[in-house]
Amino acid sequence: MKHHSMGFTLIELLVVMAILSIMLLAITQMQGTTLAASNTLVGQANRMRELQEASGYLSDRIRSARAIQTDPSLTINGGLCMMSSTTAPCFAALVGEVRAGSTAVYGANVYMYVVYKMIPRSEVPAVDRKEDEWADTGTNTMSLVEYRQVVCEPQAYPAGSTTPGQCTTVSPAPTGYVTIPTSVPLVLPTLGNSMTMNVILDYATLDDASGAFTPFATGDIFTIKLRAKNRVNNNVRYTPISGPFTLKVKPRN
């Protein structure tokens, strides 16, 4: 007696194919969601690392500064540099660095005025920022920048030179030398001309749930508050999510 095995009908095959297609689509969507979530977490981790590095750099500068200038009448480039500003907060300091070339004075052989200021990202020279149309529109994002003007450095220059001379504690300074200042003047040179600029933190923001916050506050303890803002898949994201990253520093001087 012969037995005939029955195969799948066309309808059964179509049903199986439909089920498999749905399963594959679900798996693909799950992988896409997982990848997007992973990229978001990695991006937030990178932003957090940048915030920590920027605040650490600032804290080192503040801790070792020979003088800090936070007077509201501080003028830079003809405009006021006010720490309390909620649109372009800034402050200035006199800091020292050790570079090869001569004996250090007070632990450093290069002294410079530095200004830390929040500016719209669009004002940063194109060579110093990655092109980002959204970030560069209006004040969507900002950049924390450092302006530097060298006061004195290791090499001594002849009389009449416009280049800074070697640092000294002697006043008046001998030819080719500059006496190390003890404070930051209330009027500093034009930014971008005699002062060089470095970006300390990109994609910064002053946004907070309660309105714009001030990133700097002084007193016996200097407070630094930094927060990042960027757009991922057309969604604006803040780092940290809950509010600005805060670091408190005790100036030595």
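Residues numbered from 1 in each chain as written. Predicted model: local features only at pLDDT ≥ 70, side-chain atom pairs only at ≥ 80, totals over all residues. Heavy atoms only, no water.

## Quick look at the state of the cysteines
Under the criterion given, the structure shown has 2 disulfides. Covalently, Cys-81 is tied to Cys-90 through a disulfide, its sulfur atoms 1.8 Å apart. For the pair formed by Cys-81 and Cys-90, the shared burial category is buried. Here Cys-152 engages in a disulfide with Cys-167; their sulfurs sit 2.0 Å apart. Across the S-S bond of Cys-152 and Cys-167 the torsion is about 95°, and the bridge reads as right-handed. Placement of Cys-152 in strand 6 (residues 142-152) and of Cys-167 in strand 7 (residues 166-168) is noted, with a sequence separation of 15 residues between them. Taken in sequence order, the bonded cysteines of the protein link in the pattern 1-2, 3-4. (Disulfide = S-S within 2.5 Å. Buried < 20%, exposed > 50% of the residue type's maximum accessible area, 1.4 Å probe, protein only. Helix = DSSP H or I, 4+ residues; strand = E, 2+ residues; numbered from the N terminus.)

## Concerning the sheet that holds strand 12 (residues 222-226)
Judged by pairing direction, the sheet is antiparallel, and its 3 strands sit side by side in the order 11-12-15 without closing on themselves. Lying at the two open borders of the sheet, with one neighbouring strand each, are strand 11 (216-217) and strand 15 (245-249). Two strands pair when backbone bridges link them, and strand 12 and strand 15 are joined in this way by 5 bridges, in the antiparallel orientation. Bridged to Phe-222 within strand 15 is Val-249. (Pairing = 2+ DSSP bridges.)

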